[in-house]
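# A look at the structure
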Amino acid sequence: MSGIAMPKPSDAVLARRREIVAALSEIVPGEGVIDADTEMRAYETDGLTAYRQLPLVVVLPETVDQVSRILRYCYENDVKVVPRGAGTSLSGGALPLADGVLLSMMKFNQVLEIDYENRAVVVQPGVTNLGITRAVEEEGFYYAPDPSSQIACSIGGNIAENSGGVHCLKYGLTTNNVLGLQMVLMTGEVIRIGGKHLDSEGYDMLALMTGSEGLLGVVTEVTVRILQSPETARAVLIGFPSSEDSGKCVADIIGAGIIPGGMEMMDKPAIHAAEDFVHAGYPREAEALLIVELDGPEAEVDHLLSRIEEIAKANKAETIRVSNSEEERMTFWAGRKAAFPAVGRISPDYLCMDGTIPRKELPKVLAGMRALSEKHGLRVANVFHAGDGNLHPLILYDANKPGELEAAEAFGADILKLCVEVGGVLTGEHGVGIEKRDLMGEMFSEDDLKQQQRVKCAFDEKHLLNPGKVFPTLHRCAELGRMHVHKGKLPFPDIPRF
Amino acid sequence: MGETLKPRDEKDLVEAVRWAISEDHPLEVIGQGSKRDLGRPVQAGHVLDLSAISGVETYEPAELVLTVRAGTPIAEVERLVEEHGQELAFEPMDYGPLLGREPGLGTIGGVVGANLSGPKRLKHGAARDHILGLQAVSGRGEVFKAGGKVVKNVTGYDLPRALCGSWGTLALATSVTFKVLPRAQTEATVLLPGLSDAEAVRSMTRAMGSSAEVSAAAHLPREAAEKIGVDGFDGTKDATLLRLEGFGPSVDYRFDALRKLFGDAIAAERLEADVSRALWRAVRDCLPFAGDDAPVWRVSLAPTAGPAFVADLSRVLAFEAFYDWSGGLVWLRLKDGDPQAEALREGVKRAGGGHATLVRASHAVRTSVPVFEPQPKPLAGLSRRLKQQFDPSGILNPGRMASGL
């Protein structure tokens, strides 16, 4: 295990393990409690596989009442809880704690209601992202956010991470597509927010829950908005002699008032890895490749495709290929979608980073990355959600070579610092988790982080839900609540008040 | 009423909030005061006027990102982005006319505080769906920033979004970053005349469930249509409106698609761009109910629940109503002075749930009737704890949303 320290396990809790297992077994009878090491192995890590930890015990409730009683029990007994969906987090959001109950929500796997008229679907949190689309595609509908892991990842996990995908710029993130939630607080209280109607009544708790990385509450039911599938979709492949030209083309497309359904960029190493793997017909000589997808009514797609061809030519595009069939469109995407496994073929291991930058800074960041690649002695391939500025550098390393994981992590940290330096952020869609926890100070001041943690105090004042994630330093709520009041004089007396 | 404090910058603002904390003097927070009469009346010793913390910090059209100080007038921001062929796609409503003030007022801070939106809420969301980041001063007198200046960001809790709709009770934004979008090249509105409320919502539901990409859908029963006052729009019949925006060829194509969808049974008419824009602005600002002081409710429910809710309520109350958001937003004006809060909220529950806000009522009524939907106990407790974490002394707009918030 590498350098990220988790909170020290409580000896008192570890000593009470048998008692805790017994109490949970009472709440969830039958096979819903797992305490054998061999069986708990399946839960020791998530998508960030460099980190592993066996939990205290695993519990798989099936009803909201069971979730409520489990949390209530843990609250009363000061036992930590790590909620888990499908376990696909790339930032270690579901990494277990040695003294914590791992709460798996995967038995909550039912689609509860499909309401086409109100374009809303009510599901349990363990339903997969793609499972929602599968449930409604017969009627021509789909659920818009589409993270790459959509076959496996759960909608509950999507809420925790505010997942995105390749269609975010046009269709929004999870937070823009969720209408309502039922959730359980650490105290066991069950709360319902939103529903099939719009806007929140009172403070926007949906906004706080979405992207809260399992630190605020456990989601037990989700209402999402579904959309009618676009009438048609076509993609165009555009190869450029430099990433600058490609970046300029992206800016010009947006400047022309066009918001494509998807707009992805790959650099040369990524193009080659993908092409060697799936033979999508990508131009190997290109320094940068753009895949632009337009969706909507046919008349609009045709109109915009011709505009985009003009813009691409004006930006020195060397190859332009428009998909002429659904198969061809899927082939164009196959390379991009397989970019991660393709890189996995050319390197024993890779780290996937996830910064977001202002688009105009792309050439600078790519140049910076080349320099960092030399500094750390590791290769990097880049895929980039060009529409929204979300960059996924894939750092290639070999975990079997001593020191390479550490070098890769240091390289990754340098890339993220660079993203923040140019006005971007640490994570666009993968979450902070443990992976970027200790970099939060690069982006936020101590006061910024304290105000964030005060939100945690409103939901979970004992810090029992998923502690050790997101925040580099844990402050007790009593300490965060303290306020220094200075008796003052009337402020800025030198200016007019009326 | 005591002093009006008008900080010039963030530093002044911190000083003012700290002073208010030390003196235990709650503050009523205003920008241009355009929504001052919306919400539960605030018991405050002083007024905190944020309108001087104004100006555009950065605007990069190619990045689709705009950062402005909170006191900047909305009108100024809209003019600026329009010059660059862009817009705030959430269409912030102007409450001025409805609340008896002049139109065109309001600041960006108010957009955030009230989580403003308009008819396009249906497709593009509200202010909360377009905010990317902010810097703010909490009720503890501390400056914090949250979010960022890029479209995709999950670094930390989403405080910027959560502060939308908090009516200045948690923290005061000083600078706000929004995502802006290209303004549609053109638009048109499909007008379906003479439909009953139920038929109208069925038609809007069909249109919204089609691939015609309708960006707004409203139904004005004749009584509301008559009062909307838009040149080029014939308000003598019930009017169901479907808005289409985009590139010219696309709008034409989708207009034909919708006409085919409804077939010969409904004679769809087409309203061209100028009339369409003016009409949707009037719907956005609730103009049919402007000009008097009868109580007005803004009710959000599941779109298909709208007509049944209205029909059910009309058996016990005298009011007029019109629909936005494909039936999911009901604007309702009572014909006598009593807002009938209990009957109305019972009606919302019977219709399957949602929430009702009393957006126009006298000071006395707003003091005694909950303006915002009362919350069930565990949620109310959570809201109070959240307030406590941002504003432990209850300095910022205390009681504006509910007692204790």
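Residues numbered from 1 in each chain as written. Chains lettered and ligands numbered in written order. Predicted model: local features only at pLDDT ≥ 70, side-chain atom pairs only at ≥ 80, totals over all residues.

As annotated in an unreviewed UniProt entry, chain B carries the name Glycolate oxidase subunit GlcE and is attributed to Stappia sediminis.

As annotated in an unreviewed UniProt entry, chain A carries the name FAD-binding protein and comes from Stappia sediminis. Listed under Cofactor (unreviewed entry) in UniProt, the entry text for chain A is "FAD". (UniProt positions renumbered as here; feature names shortened; annotations may be inferred.)

Attention now goes to the sheet that holds strand E1 (residues 33-34) of chain A. Residue and element names in this part refer to chain A. If you walk across this open sheet you meet the four strands as E1-E2-E4-E3, and the pairing is mixed. Of all the strands in the sheet, the pair left with one neighbour each is E1 and strand E3 (80-84). Inspection of the sheet shows E3 paired to strand E4 (residues 100-104) by five bridges, in the parallel sense. Bridging from a neighbouring strand, Val-81 pairs with Val-101 of E4. Against the sheet, helix H2 (residues 17-27) makes contact with E1, strand E2 (57-59) and E4, and its axis sits at roughly 10° relative to E2, the strand it touches most. (Pairing = 2+ DSSP bridges. Helix = DSSP H or I, 4+ residues; strand = E, 2+ residues; numbered from the N terminus. Contact = placed C-beta atoms within 7 Å. Axes fitted to C-alpha atoms, helices over the stretch in contact; angles between N-to-C directions.)

Right, let's talk about the interface of chain B and chain A for a bit. Of the residues lining the interface, 85 residues belong to chain B; the matching set on chain A comes to 85 residues. Its residues assigned to classes, the side of chain B that touches chain A shows 36 nonpolar, 28 polar and 21 charged. (Nonpolar A, V, L, I, M, F, W, Y, C, P; charged D, E, K, R; others polar.)

Moving on: the environment of A:Tyr397. Residues and elements named next belong to chain A. Counting through the fold element by element, Tyr-397 comes out in strand E19 (residues 390-397). Placed 19 residues apart in sequence, Tyr-397 and Leu-378 show a C-alpha to C-alpha distance of 6.6 Å. Apart from residues lying up to four places away in sequence, Tyr-397 is in contact with Ser-347, Asp-349, Tyr-350, Leu-351, Leu-378, Glu-404, Leu-405, Ala-407 and Ala-408.

In this section: the environment of A:Gly93. All names here are of chain A. Here Gly-93 is to be found in the loop between E3 and E4. The exposure class of Gly-93 is buried, given the 30 C-beta atoms found within 10 Å. Along the primary structure Gly-93 and Glu-213 are separated by 120 residues, whereas in three dimensions their C-alpha atoms are 6.4 Å apart. Gly-93 has contacts with Asp-46, Ala-160, Glu-161, Glu-213, Gly-214, Gly-431, Gly-433 and Lys-469, leaving out every residue within four places of it along the chain. (Buried ≥ 20, exposed ≤ 12 C-beta atoms within 10 Å, placed from the backbone.)

On to the sheet that holds strand E9 (residues 190-194) of chain A. Residues and elements named next belong to chain A. Reading across from one edge, E5-E6-E10-E8-E9 is the order of the five strands in this open sheet, with antiparallel pairing throughout. The two strands at the open ends of the sheet, each matched to only one other strand, are strand E5 (111-115) and E9. On average, adjacent strands in this sheet sit at an angle of 10° to one another, irrespective of strand direction. Where strand E6 (residues 120-123) lies against strand E10 (residues 218-225), four bridges are found, and the strand directions are antiparallel. When the bridges of E10 are listed, Val-122 appears paired with Thr-223. The strands that helix H5 (residues 129-136) touches are E5, E6 and E10; relative to E6, the one it contacts most, it runs at about 130°.

So, on to the environment of A:Ile254. With respect to the helices and strands, the residue A:Ile254 is situated in helix H10 (residues 243-255). Residue A:Ile254 is classed as buried on the basis of its 23 C-beta neighbours within 10 Å. Contact partners of A:Ile254, with chain neighbours within four places excluded, come to B:Ala62 and B:Leu64.

What follows covers the UniProt feature "domain: FAD-binding PCMH-type" (unreviewed entry) in chain A. If you check UniProt for "domain: FAD-binding PCMH-type" (unreviewed entry), the listed places come out as residues 51-229 of chain A in our numbering. Each end of residues 51-229 of chain A is marked by a C-alpha atom, and these two atoms are 39 Å apart; helix forms 23% of the span and strand 26%.

With that settled, consider the packing of H10(A) against helix H15 (residues 362-376) of chain A. All names here are of chain A. Two numbers describe how H10 lies on H15: the axes approach to 9 Å, and their chain directions differ by 150°. Judged by the inter-axis angle, H10 sits roughly antiparallel to H15. Classified by chirality, the crossing of H15 by H10 is right-handed. On the side of H10, the interface is formed by Ser-243, Glu-244 and Gly-247, while H15 contributes Leu-362, Pro-363 and Leu-366. In terms of residue class, the contact of H10 with H15 is built from three nonpolar, two polar and one charged. (Parallel < 35°, antiparallel > 145°, perpendicular 65-115°, else oblique. Left-handed = near helix turned anticlockwise from the far one by under 90°.)

Before going further, it helps to examine the domain arrangement of chain A. By a widespread convention, an interface's size corresponds to the accessible area lost as its parts come together. All names here are of chain A. Taken domain by domain, chain A consists of domain 1 (11-104), domain 2 (232-340) and domain 3 (347-431). Between domain 2 and domain 3, the residue contacts involve 18 residues of the former and 15 residues of the latter. Tallied by class, residues from the side of domain 2 that touches domain 3 come to 12 nonpolar, two polar and four charged. (Domains from an automatic or database assignment.)

It is worth spelling out helix H2 (residues 74-83) of chain B at this point. Residues and elements named next belong to chain B. Of the residues making up H2, those classed as buried are Ile-74, Val-77 and Val-81. Viewed end-on, H2 has its buried residues packed into an arc of 65°, placing them on one side of the element. Of the residues in H2, the exposed ones pointing more than 90 degrees away from the buried face are Arg-79, Glu-82 and Glu-83. Along its buried surface, H2 packs onto strand E5 (65-69), strand E6 (86-87) and helix H3 (108-114). Following H2 by one or two positions, Gly-85 has its phi on the positive side, about 70°. (Arc of directions from axis to C-beta.)

This part takes up the nonpolar core. Grouped together as the largest cluster of nonpolar side chains are 275 residues, with contacts concentrated most on A:Val101, A:Leu289, A:Leu290, A:Ile395, B:Leu163 and B:Ala217. Not counting residues up to four positions away in its chain, the partners in contact with A:Val101 are A:Leu24, A:Pro55, A:Leu56, A:Val57, A:Val59, A:Cys74, A:Val79 and A:Val81. (Core = buried A, V, L, I, M, F, W, Y, C linked by C-beta atoms within 7 Å.)

A few words on the packing of H15(A) against helix H16 (residues 404-421) of chain A. When two helices pack together, their arrangement is given by the angle between the helix axes and by the axis-to-axis distance. Residues and elements named next belong to chain A. Relative to each other, H15 and H16 sit at 155°, their axes nearing to 10 Å. As the angle between them shows, H15 and H16 are arranged roughly antiparallel. Relative to H16, the crossing made by H15 is right-handed. On H16, the residues that touch Val-365, Gly-368, Met-369, Leu-372 and His-376 of H15 are Ala-407, Ala-410, Phe-411, Asp-414, Ile-415, Leu-418 and Cys-419. Of the residues that constitute the contact of H15 with H16, the class distribution is nine nonpolar, two polar and one charged.

Time to look at the pairing of strand E12 (residues 216-220) of chain B. Residues and elements named next belong to chain B. In terms of residue burial, E12 counts as a mostly covered element, since five of its five residues are buried. Every second residue of E12 is oriented toward a common face, with Ala-216, Ala-218 and Leu-220 on one face and Ala-217 and His-219 on the other, all of them buried. Bridge count for E12 against strand E13 (residues 239-246) is five bridges, and the pairing is antiparallel. Bridge assignment links His-219 to a residue of E13, and that residue is Thr-240.

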